[in-house]
Amino acid sequence: MRELLILGCGHSESLTLFNTNAAVRDHGRLFLIDCGWTIKAALQAQGHGFADIDGIFITHVHGDHVFGLERIGYEARFKLGRRIPLYLPEALIEELWDQTLKGSMGRNSDGEQTLDDYFDVRPVPGMRLETPQLSAELFSTRHTPGKPSFGLLLDDHVVFTSDTRPVPEALSRLDFDIGFHDVTFQTGNPVHASLDELIETYPPEIRRRLYLMSYEDSYADHIERVTQEFAGLARQGMTLRL
């Protein structure tokens, strides 16, 4: 049974929740959507390890979404003897390697290295992701100004925004059944969607289809309001059949 598995649902500052990363799981095999620094523990909590990963997609270049690639890259290469397919929108490739991973992975015991030495890099040239594990329409999100970031419509019916401010122009045109959307319980956050903003921006017919993710450790203070306005909070280990 193919399902979307929520590996983590926490804000980057959370001390009790794993990074907001997910996976498509099919017969024990995983295709990761993002790969933050908590990925190894998050996988272990769900009974998985790096040997179960058949592919990775990255939505944007921030540590809680990409720093786990260093660990996976090293262990896959030197322990598992394989390069895991890494699907990257073309706009992210240079930023991910030259500005993020190269400082720690650019040289090892074999000398100078590139991203291709660790992963089977598969650029995604347009706004459609096609892999053996999933098919997804990509859409641009509103996260950090000047940094490209992407959400996904998985199998044409499940939305996964990753980190973003409200994107009503995208969600209003996507014919989706259920979704997972970024939220912060802070006010005035310039790069995440506050709870008030989501309620003000999206009509009830969209809100009722959205689970909220990427939230702070104080989430218990907001559960009642979230459940009144939305499908609920995404939880670690939560699965959704695809």
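In short, a report on the structure. Treat the numbers as computed from the prediction; the structure is a model and nothing was measured. (Residues numbered from 1 in each chain as written. Predicted model: local features only at pLDDT ≥ 70, side-chain atom pairs only at ≥ 80, totals over all residues. Heavy atoms only, no water.)

Moving on, we get to the overall build of the chain. Scanning the chain from N- to C-terminus turns up nine helices and 16 strands. For a compact globule of 242 residues, the expected C-alpha radius of gyration is about 18 Å, and the chain comes in at 17 Å, within 12% of that figure. Overall, the C-alpha framework of the chain stretches about 55 × 40 × 35 Å when taken along its three principal axes. A sequence separation of at least 24 residues applies to 58% of the contacts in the chain between residues at least 6 apart. Each charge sign in the chain was given a centre, from 23 positive and 36 negative side chains, and these centres are 4 Å apart. (Helix = DSSP H or I, 4+ residues; strand = E, 2+ residues; numbered from the N terminus. Rg over C-alpha atoms; globule rule 2.2 N^0.38 Å. Contact = heavy atoms within 4.5 Å. Lys, Arg positive; Asp, Glu negative; His and termini not counted. Charge placed at Lys NZ, Arg CZ, Asp CG, Glu CD.)

Turning to unusual backbone geometry, a few remarks are in order. The residue Asp155 is not glycine, and still its phi comes out positive at about 50°. Mapped onto the secondary structure, Asp155 falls in the loop between β11 (150-154) and β12 (158-160). A relative accessible area of 24% means that Asp155 is categorised as partly exposed. A positive phi angle is found at Ser214, which is not glycine, with a value near 65°. Mapped onto the secondary structure, Ser214 falls in the loop between β14 (210-213) and α9 (223-229). (Buried < 20%, exposed > 50% of the residue type's maximum accessible area, 1.4 Å probe, protein only.)

Attention now moves to the sheet that holds strand β3 (residues 29-33). On the basis of which strands lie adjacent, the open sheet formed by seven strands has the order β8-β5-β4-β3-β2-β1-β16 and mixed pairing. Every other strand in the sheet has two partners, leaving β8 (119-124) and β16 (239-241) as the edge strands with one partner each. The sheet shows a mean angle of 20° between the axes of neighbouring strands, direction not considered. Where strand β4 (residues 53-57) lies against strand β5 (residues 84-89), two bridges are found, and the strand directions are parallel. Of the residues in β5, the one forming a bridge with Phe57 is Tyr87. (Pairing = 2+ DSSP bridges. Axes fitted to C-alpha atoms, helices over the stretch in contact; angles between N-to-C directions.)

According to the stated counting rule, one finds zero disulfides in the structure shown. With no disulfide of its own, Cys9 lies closest to Cys35 among cysteine sulfurs, the gap being 17 Å. The class for Cys9 is buried, based on a relative accessible area of 1%. (Disulfide = S-S within 2.5 Å.)

The next subject is the packing of aromatic side chains. The relative placement of two aromatic rings is captured by the distance of their centres and the angle of their planes. The tally for this structure, following the rule as stated, stands at eight aromatic pairs. For the pair Phe31 and Tyr87, a centre-to-centre distance of 5.6 Å together with 50° between the ring planes defines the contact as tilted. Of this pair, Phe31 sits in strand β3 while Tyr87 is found in strand β5, placing the two residues 56 residues apart along the sequence. For the ring pair Tyr74 and Phe78, a centre distance of 6.3 Å and an interplane angle of 20° mean the geometry is stacked. A residue pair is termed a helical-turn pair when its members lie 3 or 4 positions apart in one helix, as Tyr74 and Phe78 do in helix α3 (residues 68-80) at four residues. The exposure class of Phe78 is partly exposed, given its relative accessible area of 43%. Each member of the aromatic cluster is reached from another via a ring pair, and the members are Tyr74, Phe78, Trp97 and Tyr118. Over the face of the ring belonging to Tyr118 we find Arg77, whose NZ or CZ atom lies 5.4 Å from the ring centre. Over the ring of Phe176 we find Arg209, and its NZ or CZ is 4.4 Å from the ring centre. (Phe/Tyr/Trp six-rings, centres within 6.5 Å; stacked < 30°, edge-to-face > 60°. Lys NZ or Arg CZ within 6 Å of the ring centre and 35° of its normal.)

Such coordinate-based values are descriptive only and should not be taken to indicate function.
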